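Residue-level structure breakdown
Single-letter residue listing:
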Amino acid sequence: MTGRPRQWQDDVLAGPGGAMTDEVGVVTGPLTVRTTAVAGGLARIDVQYKDAEEWYVLTGSPVPHHGDPAAVHAAALAAVRAGHAAQAPGTAPG
């Protein structure tokens, strides 16, 4: 094991319009965002209502992390804070 983290998790307050998930649509309010580096150079981003048990996939996830999954996590946190039905970094409709 390299000792490098493979998973990042932080609590965040979703901005107006929340975050879009594959399973239940938009989630709002206090959320937990978890980013996991997975095989193939990808980062999977999941969200849950803070302190809930169910996790939901952030729409557009997984995304390539280009060797820096922590940066993907930071970008996902920023996107969820901004709201507007946030999706995985780099996948939001234009």
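For the structure itself, look to the data block above.
Throughout what follows, the structure given in this document is the object of discussion. (Residues numbered from 1 in each chain as written. Predicted model: local features only at pLDDT ≥ 70, side-chain atom pairs only at ≥ 80, totals over all residues. Heavy atoms only, no water.)

**Things to note about the nonpolar core**
The test is simple: Nonpolar cores are built from buried Ala, Val, Leu, Ile, Met, Phe, Trp, Tyr and Cys residues. Side-chain atoms within 4.5 Å join them into one set. To sort residues, take the accessible area from a 1.4 Å probe on protein chains only and compare it with the maximum for the residue type: under 20% means buried, over 50% means exposed, and anything in between is partly exposed. Should any heavy atoms of two residues lie within 4.5 Å, those residues are counted as being in contact.
The biggest cluster of nonpolar side chains holds 18 residues, and the ones touching the most others in it are Ala-19, Leu-31, Val-33, Ile-45 and Val-80. Not counting residues up to four positions away in its chain, the partners in contact with Val-33 are Trp-8, Gln-9, Asp-10, Val-12, Ile-45, Asp-46, Val-47, His-73, Ala-76, Leu-77 and Val-80.

**Some thoughts on the pairing of strand E4 (residues 30-38)**
Applicable threshold: The helix count covers DSSP runs of H or I at least four residues long, the strand count covers runs of E at least two residues long, and both are numbered beginning at the N terminus. If DSSP finds at least two bridges between two strands, the strands pair.
Burial within E4 is extensive, with seven of its nine residues counted as buried. Direction of pairing for E4 relative to strand E5 (residues 42-49): antiparallel, over a ladder of eight bridges. Across the sheet, residue Thr-36 finds its bridge partner in E5, namely Arg-44. The loop that links E4 with its antiparallel partner E5 comprises three residues; one of these, Gly-40, has a positive phi angle of about 80°.

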